[in-house]
Structures are given as C-alpha cells and as structure tokens.
Amino acid sequence: MNIAVAGTGYVGLSLAVLLSQHNHVTAVDVVPEKVDLINKGLSPIADAEIEDYLANHELDLQATLDGAAAYKESDLIVIATPTNYDSDKNFFDTSLVEQVIDLVLEVNPGAVMVIKSTVPVGYTKELTERYPKGKFLFSPEFLREGHALYDNLHPSRIIVGVPSESAYAGELDEAAQKFAALLAEGSLDDETQVLIMRATEAEAVKLFANTYLALRVAYFNELDTYACVRGLDASQIIEGVGLDPRIGGHYNNPSFGYGGYCLPKDTKQLLANYDEVPQNLIEAIVEANRTRKDYIADEVLDRVTRLVYQGVAQPKVGVYRLTMKTGSDNFRASSIQGIMKRIKSRGVPVVVYEPTLDAEEFYGSEVTHDIDAFKEACDVILANRWNEELADVEDKVFTRDLFKRD
Ligand SMILES: NC(=O)c1ccc[n+]([C@@H]2O[C@H](COP(=O)([O-])OP(=O)(O)OC[C@H]3O[C@@H](n4cnc5c(N)ncnc54)[C@H](O)[C@@H]3O)[C@@H](O)[C@H]2O)c1
C-alpha cells in the first residue's frame, strides 16, 4: 500500500518505520531538519529501535515537506501531529490534526485517514458530522517515549475505532480491519489482540488508560509522602504491597510527580470530558499530582533553610536533568519543572544541568553542560531519577527514586 504519515515525532516516526517494512511510506513533517535526517537514515529522536531500523533494515520510507504531494499519492493517511489541552481555557487544541485533514480533503478526498493523535472523547464523531465526505478512523496509540518503535513491534493491543455515524461506516469497518492487519504485520508478535470498536469508545480507551497510569503514579507517590512524613521506609511498604499479584511490583517507583507530554494533558482532558458526569477520583488524581509537587518543593525548601542556619549564605539548588526518564531526550511538561517553578518563586537560585538543552538559560535559570562544575556549585541537587554520575555527591542529592529505575 501507499501510506502517508503526517508528523514524524514519537508516534509518527515509529509508525512510519513499522509500516515501511511492507509498504511504501511517505513521512511528512513541517521541520526540514527532521526530514533531512530521516532521508539520511538517521533518527531525529532518541530511540534505539528507530535508530537501528533506519540504519540497518530494508525500509521503503521517504520523508518530505510536501504534504500535498504525499497525501495525493496515498491510499491511507496516518495522522500523528501534536494535540494539546489548555485547562485554563478548557480548550483542546486539535488544529494541527485538522490542518492535515483539510489538505487531504483538498488533494485526495476519497482517502481513509487514521487519527493516531490523542483527541477528546467524541472528536471523531464530531469530525464526521463536520466533514461528511471525510473517511476517518481513530486508533489509540500506547507507545512510551524512548521505546516508541519497540512498543509498536510488541504491541500490548491493537485498537481501531470506526465512527458508526459515517455514511461510509461499512467501508470504514473494512478499512479498520485492514489497518489493524497492517500494524500486526509490521510487529514481531503473532498473537496481538485486535479490538475493533466505535471511535468514541476507542478515544475513551486512550484517555482512561493514561488516567489509570497517572492514578498509579499518584498513588505510590502519595504512599511515599505518607512514609516520609511519618518516618517510615517507603520501599519496604511498596515491596510488601506489590507482592499481591492483583497489585504487582511494576510501575510503582516514587517520583516528583507524573509528567511528560501525555499524562498531564490526558488526565485533565478526561476530567473536562466528565463535565456534568459525577466523579471524585479523576479530579483527585489531578489534585494529587499538584499536592505531591508542593510537598517535594517544601522538602527542598526545608533543606535550603537548614543550610542557611548552618551558615551557607545563599544555597544554590541544582536541577539534575529536566527530562522525566533516564535516556529521554525531551522534557515536555516534566514534573521537575513544577518543582523548579515552586522553588524559584521563593527566591532560591536554581542552576540546571541538562546536556540536551542547547541554551544558556532556562526560564531565567543558568544552564550548564559541565557536570563537575554543576556538582561543585550546587548545595542541593534535585534528581527525579538517580544517575550513578551523582554518586560522589550523594549527600547533596534530593531524590525519591527508591528503586533506581524509571
Ligand atoms: N509521545 C507519546 O508518548 C505519545 C503516546 C501516545 C499518543 N501520543 C499522541 O500522539 C500525538 C503526537 O505525539 P508525538 O509525541 O509523536 O508528538 P511530537 O511533537 O513528537 O511529533 C509531532 C510531529 O508533527 C509535526 N507536525 C506538526 N504539524 C504538522 C503538520 N501540519 N503536518 C505534518 N507534520 C506536522 C511536528 O513537527 C512534529 O515533528 C499527540 O496527540 C500525542 O498526545 C503521544
């Protein structure tokens, strides 16, 4: 098949690589540097499998800035452009998805479009009403950043949603089966469960899955806050709790809060979707993450105050990496930024060590790439995730990374 993928971020590039093992794929982006790198067989994002597949596997993949030409030639268009939720304005920004849709409808109105971007519940149904001639599917994406292609080579499940309201519902049912088969064909697993459902339910699956993950992070973080305040060993409690097979010993490592591109926006979006629907828990998850960051910031400020009493004139707080996870190459909405903001609002100077950030300042704070100078200059070092390069200054480090893993 001729397939176009709009957006070459974590979602789009991993899918473009996956699908180009057996199909002709054109990956479209608006950033020339990304297109150039992909055409040279190099990955614009840090992801071991994408790097390996681009360099060493036989792929029928081309990248381009020319969306119109790519969409015109394609039987199927996968949309993986960014979406955003602004909780202050209660506004979900899907304009970049719609930019692609408008272009596809202009140059190739009969093509099936599969939306992989995360959207509010009911979005595909609404699109179908707004663009009655458009053929839309929604397929939730479950990958993790840093393991984007791995998670598509070994998918936990494949879900494709069909808007039953569409005049093309019959054709779209078939297209949904076909798209699921394409994803399965590109994967390395034989028995991946495929679910075809209505688009609205598929959209809900994505938001409820991410909100459960946020709940779990918030739960173990709140357990950790309790243990810290009461002087208990959180790791012993978590280990004991997790040995119940209904709970499990995974995804339970305390942190400064859930963060990253997806969990904060998807939980808030789900909460907005609950408008006029009774709930307590969804709101509590969002609140719990705020409370956790307040607690962590207060603990850090206590340390700073103690240092002042010990005679340090103006203690400096160091932020060791802005990223959420070890090995990550982006820091969109990372929780450590929330801690940093709280500390700076109290007038404490902050220095950032972030080797992937090519800038001298980050929100008015000095950025350094010199780890030794950073360790020397800072009195307290915040690390959402521990790294062995901090071992020689362990007594300065403030972390809640109890199990030394993501
Ligand atoms: N990152 C994740 O872990 C993850 C997981 C599941 C779902 N999602 C969802 O998938 C969507 C994309 O996420 P991502 O992390 O891949 O985003 P990203 O920001 O890494 O990549 C998006 C890409 O789209 C490009 N783009 C923007 N406008 C475009 C246009 N008009 N035409 C073509 N390309 C365009 C950008 O330049 C960028 O390269 C979001 O809705 C996100 O919520 C992300």
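Residues numbered from 1 in each chain as written. Predicted model: local features only at pLDDT ≥ 70, side-chain atom pairs only at ≥ 80, totals over all residues. Heavy atoms only, no water.

Asks: Let's hear about the environment of glycine 242: which residues, and what values?
Replies: Of note, glycine 242 is situated in helix α10 (residues 234-242). A C-alpha to C-alpha distance of 8.1 Å links glycine 242 and asparagine 252, two positions 10 residues apart in sequence. With residues near it in sequence (within four places) discarded, glycine 242 still touches Ile247, Gly248 and Gly249. (Helix = DSSP H or I, 4+ residues; strand = E, 2+ residues; numbered from the N terminus. Contact = heavy atoms within 4.5 Å.)

Asks: Residues and numbers for the packing of helix α9 (residues 199-230) against helix α11 (residues 263-273), please.
Replies: α11 packs onto α9 with a crossing angle of 120 degrees between their chain directions and a minimal axis gap of 9 Å. The handedness of the crossing between α9 and α11 comes out as left-handed. Listed contacts from α11 to Lys206, Leu207, Phe208, Asn210, Thr211, Leu213 and Ala214 of α9 are Leu263, Asp266, Thr267, Gln269, Leu270 and Asn273. The residue makeup of the contact of α9 with α11, split by class, is six nonpolar, five polar and two charged. (Axes fitted to C-alpha atoms, helices over the stretch in contact; angles between N-to-C directions. Left-handed = near helix turned anticlockwise from the far one by under 90°. Nonpolar A, V, L, I, M, F, W, Y, C, P; charged D, E, K, R; others polar.)

Asks: For the layout of surface pockets, give the residues involved together with the corresponding values.
Replies: Taken as a whole, the second largest pocket holds about 910 Å³ of empty space. Taken together, 28 residues line the second largest pocket, and the ones lying closest to its centre are Pro264, Lys268, Lys293, Ala333 and Lys341. Taken together, the elements giving at least two residues each to the lining of the second largest pocket come down to β5 (84-86), α11, α12 (281-309) and α13 (335-344). Among the elements that make up the lining of the second largest pocket, the one with the highest residue count is α13 (six residues). Class assignment of the residues belonging to the lining of the second largest pocket gives a composition of nine nonpolar, nine polar and 10 charged. Taken domain by domain, the makeup of the lining of the second largest pocket includes at least three residues from each of domain 1 (2-192) and domain 2 (210-398). (1 Å grid on protein atoms, 1.4 Å probe; cavity = no way out; pocket = protein on both sides within 12 Å on 5 of 7 lines; lining within 4 Å. Points joined across faces, edges and corners; volume = space filled by probe spheres on them. Domains from an automatic or database assignment.)

In short, shape yes, function no, at least from these values alone.
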